[in-house]
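Single-letter residue listing:
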Amino acid sequence: MEFFEAVSARHSTRDYSAEPVSEASLKKILGAACAAPIGMGRYDALHLSVVSTPSGAAALHARMNALFPQDPLYNAPVFILVSSADSPMAGQNAACIIENVLLAAAAEGLSGCYIAGAIPKIAEDRALVRELGVPEGFRPVAGVLVGHPRNKKELGLRRPPALEKIRMTRL
Ligand SMILES: Cc1cc2nc3c(=O)[nH]c(=O)nc-3n(C[C@H](O)[C@H](O)[C@H](O)COP(=O)(O)O)c2cc1C
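Before going into details, it helps to say that this report is about the structure given with it. Here the residue index of a chain counts from 1 through its sequence in written order. Per-residue local features of the predicted model are confined to residues with pLDDT of at least 70, and side-chain atom pairs are confined, for both listing and counting, to 80 or more; whole-chain, interface and lining totals are unaffected and use all residues.

Next up on the list: the nonpolar core. The term nonpolar core refers to a group of buried residues, namely Ala, Val, Leu, Ile, Met, Phe, Trp, Tyr and Cys, whose C-beta atoms join them within 7 Å. Put simply, a residue is buried when 20 or more other C-beta atoms lie within 10 Å of its own C-beta and exposed when 12 or fewer do; between those, it is partly exposed, and each C-beta is set from the backbone. Grouped together as the largest cluster of nonpolar side chains are 42 residues, with contacts concentrated most on Val78, Phe79, Val82, Val101, Leu145 and Val146. Per the convention used, a helix needs a DSSP run of H or I reaching at least four residues, while a strand needs a run of E reaching at least two, with both numbered from the N terminus. Counting only elements with at least two residues in this core, the list comes to helix 2 (23-34), strand 1 (46-51), helix 3 (54-67), strand 2 (78-85), helix 4 (90-107), strand 3 (111-115) and strand 4 (138-147). It is helix 4 that contributes the most residues to this core, 10 residues altogether.

Here is the structure:
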């Protein structure tokens, strides 16, 4: 898919089918994550927990259902948690990684969703953080889902760039 088509196709999905994400697509998406710009080039200050096996995803969603009234990860087949060492740029770095993931997913005919709301509670659960392989001294910052939307019509949606969506001053 051409870049601007992927930009127009990207949208947040909160209802996923059980269809797994292929390893080929996942590799491209993780490559896009690793291609993100990172403050001062400190790639070593970041960590990705990639939950993508059916058993790993099922265990994670069961944990989410125990922690929250409703699964905030919408039963998605792939969850990528971005963790960071202590850095004032942790949030910005995570956002760059996540946008690359979302655009790569759209280019692969998949969808996704940025996840911020659930992160503080996930970060508090030390056992879960350890299971997710987050290195000592790192903390979860943000996450992103990837999967096939249950409603296939979502994939046909194309939202042409709307220049009035964000207030601008042009000089
Ligand atoms: C920083 C950030 C945090 C977000 N956190 C969540 C979240 O925790 N849960 C969720 O369902 N959507 C979350 N979203 C998705 C936004 O609600 C969504 O991107 C926005 O409403 C625009 O819709 P669109 O992505 O379909 O274009 C987040 C998006 C961003 C950029």
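We now examine unusual backbone geometry. Even without being a glycine, Met40 presents a positive backbone phi close to 55°. Take Met40: it is sitting in the loop between helix 2 and strand 1.

What makes a residue near a molecule or strand is its C-beta atom, placed from the backbone, lying within 6 Å of it. Around the ligand, the neighbouring residues are His11, Ser12, Arg14, Cys113, Tyr114, Ile115, Ala116 and Gly117. Any residue outside Ala, Val, Leu, Ile, Met, Phe, Trp, Tyr, Cys, Pro, Asp, Glu, Lys and Arg is labelled polar, Gly included; the first ten of those are nonpolar and the last four are charged. Considering only residue class, the shell around the ligand consists of four nonpolar, three polar and one charged.

We now examine the pairing of strand 4. Most of strand 4 sits out of view: nine of its 10 residues are buried. Two strands are counted as paired when DSSP detects at least two bridges linking them. Sheet topology note: the strand 2/strand 4 ladder contains eight bridges and is antiparallel. Of the residues in strand 4, the one forming a bridge with Ile80 is Val144. In this sheet, strand 4 lies alongside strand 3 in antiparallel orientation, the contact comprising five bridges. Considered in strand 4, the bridge of Ile115 is made with Gly143.

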